[in-house]
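Reading the structure
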Amino acid sequence: MTRISTFDDWIDCFREWQVDIGYDADLLGDYKFETKLGDIHCDDIEFGDYRGDSKWERVGQIPNQSIRDALLTLIVYQGDTEFASVEQQKNLLDNAPTEYDRQALIRVNSDEMRHGWQMCYLLVKYFGDTGRLEARKLLERRANEQKRLLGSFNQPVNNWLDFFTYTQFVDRDGKFQLTMLSHSAFAPLARSVSAMLKEEFFHMFTGNTGLTRIIRANRIPAPIIQKYFNKWLSTAYDLFGTDHSSSAQWAYVWGIKGRFDEATAGEPADKEALNELSRTHYLNECQGLVENLNNFLPEGEPRLRIPDVRFNRSIGDHAGMRYSVDGDLLSESEYEKHLSKVLPDAEDERVLNEILKDKDWVLQMN
């Protein structure tokens, strides 16, 4: 891969990455990759120890190295998710159920590439040699090798039910993360993610309408849909970070990452439970979405639901613990049997693939 000294060098690496993962750039048409900067909530730091000071426009204005390192890490993790999602989804381009869905996937992929581009712009422009190295590494890790930084982004997206569930729930986590970063004391990051947020809403729209169209078509059994909800929601819970996270506390104290409802909270932050607070907001939103989807299920079909927040967790207080989708603590043997019943397995994929051979499993968009 090309050595990176300037952002133009990084763009060359980006083109190499597209070729390496097998993404046909011609599919993107006249889509223009560019740096976009939106508006920020205000010019002053909004919370933490530096509240009321002017937001930092350059890394050199940041008071100490610990804050700079934490900020760089936030940007790296955000960028990693963007490139990973393209790697996860690109295999679906050749078997879209409709041309509308194919074009929606291409648009989602285009946005994710641009969001990764935006994060790398920040790394290369503001963080010197370290930033250039990290921007390169973002293009070298691979989701299919399970080398991406967060668990959701190493999971396979094998089919269009995977994709619609992913964009419904995992991209919704992205909305939460970007909203929290939009309050950042580092103004270039805040401007970057405010522009990204506008594009993220199409991804969630794609997921929600896709699932609605699947349920209304009534070809895929609700129990199979539920298994994909269990798969993706349990990984999405982890994306909010560990419970009682010291990193989240420091990010708040330093002003570089706020609460999801920072602009409207109206009360001091519980700094020892920042991740838990965001996860609770997310759970409530997802619960409402699933309840709305249940309105389209035929009579007699089991109702869809979100799994218990303790189910299948890889990080936090419940990591590695044997909780069921209902929140019951199971023995080791019970848990293994439970997982085989509530997560997609080879037989589910076989049944699903048979259904997906026809094009009537999802309603056409009007």
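These notes cover the structure that comes with them. Just so we're clear, the structure is a prediction, and the values are computed from it rather than from any experiment.

Regarding the side chain of Thr167
- Looking at where Thr167 falls in the secondary structure, it is placed in helix H5 (residues 160-181).
- Only 2.9 Å separates the side chain of Thr167 from the backbone oxygen of Phe163, close enough to count as a polar contact.
- One polar contact links the side chain of Thr167 to the main-chain carbonyl oxygen of Phe164, over a distance of 3.2 Å.
- When residues no more than four places from it in sequence are discounted, the contact partners of Thr167 are Arg172, His203, Met204, Thr206 and Gly207.

Describing the packing of helix H7 (residues 222-238) against helix H11 (residues 346-356)
- In contact at an axis separation of 11 Å, H7 and H11 are set at 120° when each is read in the N-to-C sense. Here H11 runs oblique to H7, going by the angle between their axes. Here H7 runs over H11; the crossing is left-handed. Residues Ile224, Lys227 and Tyr228 of H7 form the contact with H11, whose participating residues are Asp348, Glu349, Val351 and Leu352.
- Partitioned by chemical class, the residues of the contact of H7 with H11 number four nonpolar, no polar and three charged.

A few points about the nonpolar core
- In terms of nonpolar packing, the biggest core is built from 96 residues, with Trp10 and Ile220 touching the most fellow members.
- For this core, the element with the most residues is helix H3 (residues 99-126), which contributes 12 residues.
- Core analysis: the next-biggest nonpolar cluster, separate from the first, contains seven residues, Phe311, Val325, Leu330 and Tyr335 among them.

Topic: the environment of Asp360
- Relative to the helices and strands, Asp360 resides in the segment after H11.
- Residue classification places Asp360 among the partly exposed residues on the basis of a relative accessible area of 41%.
- Taking C-alpha positions, Asp360 is 31 Å from Leu283, a pair spaced 77 residues apart along the chain.
- Beyond its immediate stretch of four places on either side in the chain, Asp360 contacts Ala217 and Arg219.

Quick look at a nonpolar patch on the surface
- A contiguous nonpolar patch, built from Tyr100, Phe205 and Met365 and spanning about 250 Å² of accessible area, is present on the exposed surface.
- Tracing the sequence through the fold places Met365 in the segment after H11.

Description of the environment of Met113
- Its location among the elements puts Met113 in helix H3.
- The exposure class assigned to Met113 is buried, which follows from its relative accessible area of 0%.
- Separated by 28 residues in the primary sequence, Met113 and Ser85 have C-alpha atoms spaced 8.9 Å apart.
- Setting aside chain neighbours within four positions, we find Met113 in contact with Phe14, Trp17, Gln18, Tyr23, Leu28, Phe33, Phe83 and Val86.

Focus on the packing of H3 against helix H4 (residues 128-138)
- As a packed pair, H3 and H4 sit with axes 6 Å apart at the nearest point and diverge in direction by 155°. Classified by the interaxial angle, the pair formed by H3 and H4 is roughly antiparallel. The element H3 and its partner H4 pack so that their crossing is left-handed. Residues Cys120, Leu123, Val124 and Tyr126 of H3 touch H4, and the partners they reach there are Gly128, Gly131, Arg132, Glu134, Ala135 and Leu138.
- A per-class count over the contact of H3 with H4 returns six nonpolar, two polar and two charged.

Things to note about the packing of aromatic side chains
- On inspection of all chains with the given rule, the structure shows 29 aromatic pairs.
- Ring centres of Phe176 and Phe240 lie 5.8 Å apart, and the angle between their planes is 80°; this geometry places the pair in the edge-to-face category. Residue Phe176 is found in helix H5, and its partner Phe240 is found in the loop between H7 and helix H8 (246-253); the two are separated by 64 residues along the sequence.
- Classification of Phe176 as buried rests on a relative accessible area of 0%.
- Measuring from centroid to centroid gives 5.7 Å for Phe176 and Tyr282, while their planes differ by 85°, and the two rings are edge-to-face.

Considerations on the side chain of Ser278
- Among the structural elements, Ser278 can be located in helix H9 (residues 274-294).
- What Ser278 contacts, discounting residues up to four positions off in sequence, is Phe176, Met180 and Phe240.

Details of H8
- Looking at H8, one finds that the buried residues are Ala248, Ala251, Tyr252 and Val253.
- In this fold, the buried residues of H8 make contact with H9.
- Downstream of H8 by a residue or two, Gly255 has a phi angle that is positive, lying close to 85°.

Some thoughts on H11
- Every buried residue of H11 is listed here: Asp348, Leu352, Ile355 and Leu356. Seen from one end, H11 has its buried residues packed into an arc of 95°, which puts them on one side.
- The secondary structure elements touched by the buried residues of H11 are H5 and H7.

Parameters at a glance
Residues numbered from 1 in each chain as written. Predicted model: local features only at pLDDT ≥ 70, side-chain atom pairs only at ≥ 80, totals over all residues. Heavy atoms only, no water. Helix = DSSP H or I, 4+ residues; strand = E, 2+ residues; numbered from the N terminus. Polar contact = N/O pair within 3.5 Å; in protein donor to acceptor, adjacent residues only side chain to side chain. Contact = heavy atoms within 4.5 Å. Axes fitted to C-alpha atoms, helices over the stretch in contact; angles between N-to-C directions. Parallel < 35°, antiparallel > 145°, perpendicular 65-115°, else oblique. Left-handed = near helix turned anticlockwise from the far one by under 90°. Nonpolar A, V, L, I, M, F, W, Y, C, P; charged D, E, K, R; others polar. Core = buried A, V, L, I, M, F, W, Y, C linked by side-chain atoms within 4.5 Å. Buried < 20%, exposed > 50% of the residue type's maximum accessible area, 1.4 Å probe, protein only. Patch = residues over 30% accessible without salt bridge, like charges linked within 9 Å, V, L, I, M, F, W, Y side chains within 5 Å. Areas by Shrake-Rupley, 256 points an atom, 1.4 Å probe, with all protein chains shown as cover. Salt bridge = Lys/Arg side-chain N within 4 Å of Asp/Glu carboxyl O. Phe/Tyr/Trp six-rings, centres within 6.5 Å; stacked < 30°, edge-to-face > 60°. Arc of directions from axis to C-beta.

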